[in-house]
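Coordinates in review
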Amino acid sequence: MQTKNKFSWFDVSDEVKELLILAAKTWENTEESAKYMQQALAKTGENTDILVAAYRYFYYKNNYSLALTTAEKIIAKIKEIENLPHNWEELQPILQQRKEEPNIRLFLNAYAASGLVVAKLGKLEQAKEISTKIQGIDNKNDFGASILFDILTRPPEEDE
């Protein structure tokens, strides 16, 4: 199969693109498809495109611990690339000012995604904290933090 033109937006080898295609083709066999995804990750290191693909793969396979680990790798990678501070009080104004830049949007998406995953893992207070932080930056609700926060803080429905 020629993969040269498939996944042309990925700046990785044809071999890695082929592994991604195999992961998709074997989707129904989780063990086999996960093997291909892990091989793609092993061959690309910290390539953000492959990390995003892996996050989505693990999330939709309901492997929330690996999805969270992958989202955290994306966050760390963007912090490193953009030389972002670790302290939220210093980080927030930078994110607010630069939120339309591609790497910062990726950071915010990954951070919001980590909030969703920690909620799926039952860590509701941590998910609320993350969604609250993202809401403070996201006045257009581009990252879905408001929806997550509303779900997490909605009072239980009463039985009629």
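A few points on the structure. Values in this document were obtained by computation on a predicted structure and should not be read as measured data. (Residues numbered from 1 in each chain as written. Predicted model: local features only at pLDDT ≥ 70, side-chain atom pairs only at ≥ 80, totals over all residues. Heavy atoms only, no water.)

Looking now at the pattern of salt bridges. Enumeration according to the criterion identifies 8 salt bridges in this entry. In this structure, E15 and K43 form a salt bridge, with 3.1 Å as the shortest nitrogen-oxygen distance. Of the two residues, E15 sits in helix 1 (residues 14-25) while K43 sits in helix 2 (residues 30-44), which places them 28 residues apart along the sequence. Across the salt bridge formed by E101 and R98, the nearest N and O atoms sit 2.8 Å from each other. Counted as one network, the salt bridges with shared partners bring together E100, R105, K140 and D142. (Salt bridge = Lys/Arg side-chain N within 4 Å of Asp/Glu carboxyl O. Helix = DSSP H or I, 4+ residues; strand = E, 2+ residues; numbered from the N terminus.)

For helix 6 (residues 102-120), which comprises 19 residues, the first-to-last C-alpha distance of 27 Å matches the rise-based estimate of 27 Å (1.5 Å per residue) to within 8%. Considered for burial, the residues of helix 6 that qualify are I104, F107, L108, A110, Y111, A112, A113, S114, G115, V117, V118 and A119. Looking at the residues trailing helix 6, positive phi occurs at G122, about 90°. (Expected span 1.5 Å × (residues − 1). Buried < 20%, exposed > 50% of the residue type's maximum accessible area, 1.4 Å probe, protein only.)

Let's shift gears to the side chain of K79. Its location among the elements puts K79 in helix 4 (residues 64-82). The side chain of K79 sits in the buried core without any salt bridge; E90 is the nearest counter-charge, 10 Å away. (Lys, Arg positive; Asp, Glu negative; His and termini not counted.)

Attention now goes to the environment of A67. Inspection of the secondary structure assignment puts A67 in helix 4. Here A67 is in contact with Y55, F58, Y59 and V117, once residues within four sequence places are set aside. (Contact = heavy atoms within 4.5 Å.)

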